[in-house]
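Listed here are the chains, written in short residue letters.
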Amino acid sequence: MVFINDGSTDGTSAYLQKQVDVVELIGDGNLWWGGAIQKGLEYVYTQAGTDDFVLFLNNDTWFAPNYVETLLRVSIEAGNAAVGSVVHEEDRNPSLVSIGPRVNINRLAVWDKFNEISDAEKWNPQKIYQVDALSGRGTLYPFELFRRFGGMRLHFLPHYMADYEIAMRFARNGVSLLVSSEAVVFSPPVYGNDILNLSLWDRLFSMRSSSNIFHRVAFYILVGTPLQRVTAPLRLLGFGVWRKLLTFKG
């Protein structure tokens, strides 16, 4: 198991050094999510065979027994698909809170498949869902995909939306993006992409903001068609103004 420790000061390094079969890769605190993942991938490039898999998993999640086995089974049965996890919050009822991303490139909109299903289905979800992208909060990839289609786009997406972009890049090359409701990651109710406490300036320009305007433009340019790439900045501005007007009217 590979851990990316990007400059933590809470005793994580000392703990990891005592573990068996654990590789700790050290960063200087400036890797961000995409850089940390790329550092791990570069290490795995020297180790992985053609039949190996890599699992993206955030440090603020935990999972039940047979989790990895479930992801592997679903991927292999689907012809080496990329397979993500559903997110549960233990104190919620029902505990299911996220299935996976849906993306409308033309309208520059991202939402969760969870918002499309009925209340009854939230209690009894389907075994498999197809999604438009995959989150870094528990996704299994055949490692050969990174050899064939490349790694993270660090200069354009150092943090947020880097996980969506790489999944969508694989999908454009014929890879199925699936989510298994039997592969569950548990998460605390507060996510790192919460921007409610940020100032307007930080919401638009901070590296820690999921609404960073430069990264959003870069994302839609990277995942779009040639026409969508050219028009992405103008569409982002136009839809941003339109949605703000709808908020004022509401």
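Relevant structure appears above.
Every value quoted in this text rests on a predicted model; they were computed, and no experiment measured them. (Residues numbered from 1 in each chain as written. Predicted model: local features only at pLDDT ≥ 70, side-chain atom pairs only at ≥ 80, totals over all residues. Heavy atoms only, no water.)

**Q** Quick one: what's the story with the overall build of the protein chain, residue by residue and with numbers?
**A** Of the regular secondary structure elements, the protein chain holds nine helices and eleven strands. The C-alpha radius of gyration computed for the protein chain amounts to 18 Å, which stays within 12% of the reference 18 Å derived for 250 residues, consistent with globular compactness. Along the first, second and third principal axes, the C-alpha atoms of the protein chain reach 55 × 45 × 40 Å. A total of 250 residues make up the protein chain; the buried ones form 44% of that total. Counting only contacts in the protein chain whose residues sit at least 6 apart along the sequence, the fraction spanning at least 24 positions is 65%. Accessible surface computed for the protein chain: about 14000 Å², of which carbon and sulfur atoms make up 55%. On the protein chain, the mean spot of the 23 positive side-chain charges and the mean spot of the 25 negative ones are 11 Å from each other. (Helix = DSSP H or I, 4+ residues; strand = E, 2+ residues; numbered from the N terminus. Rg over C-alpha atoms; globule rule 2.2 N^0.38 Å. Buried < 20%, exposed > 50% of the residue type's maximum accessible area, 1.4 Å probe, protein only. Contact = heavy atoms within 4.5 Å. Areas by Shrake-Rupley, 256 points an atom, 1.4 Å probe, with all protein chains shown as cover. Lys, Arg positive; Asp, Glu negative; His and termini not counted. Charge placed at Lys NZ, Arg CZ, Asp CG, Glu CD.)

**Q** Break down the environment of Tyr164 for me, with residues and values.
**A** Assignment of secondary structure puts Tyr164 in helix H6 (residues 162-172). Separated by 31 residues in sequence, Tyr164 and Ala133 have C-alpha atoms that sit 5.0 Å apart. Contacts of Tyr164, omitting those with residues within four sequence positions, involve Pro101, Val110, Ala133, Leu134, Ser135 and Phe219.

**Q** Please set out the pairing of strand S5 (residues 82-88) residue by residue, giving values where relevant.
**A** Burial runs high along S5: seven of the seven residues are buried. With seven bridges connecting them, S5 and strand S11 (residues 177-186) associate as parallel partners. Along S11, the bridge assignment pairs Ala82 with Leu177. Pairing of S5 with strand S10 (residues 139-142), which is carried by two bridges, proceeds in the antiparallel orientation. The partner of Val83 across the bridge, within S10, is Leu140. Pairing analysis gives two bridges linking S5 to strand S6 (residues 96-98), with the strands arranged antiparallel. The residue bridging His88 from the neighbouring strand is Leu96, located in S6. (Pairing = 2+ DSSP bridges.)

**Q** Could you give an account of the environment of Asp51, naming the residues involved and the relevant values?
**A** With respect to the helices and strands, Asp51 occurs in the loop between helix H2 (32-45) and strand S3 (53-56). Distance from Asp51 to Asn80, taken between C-alpha atoms, is 9.5 Å for residues 29 residues apart in sequence.

**Q** Hey, could you go over unusual backbone geometry for me, with residue numbers and the actual values?
**A** In this model, Asn93 is joined to Pro94 through a cis peptide bond whose omega is 5 degrees. With respect to the helices and strands, Pro94 occurs in the loop between S5 and S6. Phi at Trp32 takes a positive value of approximately 60 degrees, unusual for a residue other than glycine. Position of Trp32 relative to the elements: it lies in helix H2. Judged by its relative accessible area of 24%, Trp32 is partly exposed. Non-glycine residue Leu108 carries a positive phi angle of around 55 degrees. Position of Leu108 among the secondary structure elements: in the loop between strand S7 (101-104) and strand S8 (109-112).

**Q** An account of a nonpolar patch on the surface is needed here, citing residue identities and associated values.
**A** Side chains of Leu200, Trp201, Leu204, Phe205 and Phe214 sit close together on the surface and give an oily, nonpolar patch of about 580 Å² of accessible area. The dominant element in the nonpolar patch, judged by the number of residues it contributes, is helix H7 (residues 200-205), at four residues. In this fold, Leu204 is placed in helix H7. What makes Leu204 partly exposed here is its relative accessible area of 32%. (Patch = residues over 30% accessible without salt bridge, like charges linked within 9 Å, V, L, I, M, F, W, Y side chains within 5 Å. Salt bridge = Lys/Arg side-chain N within 4 Å of Asp/Glu carboxyl O.)

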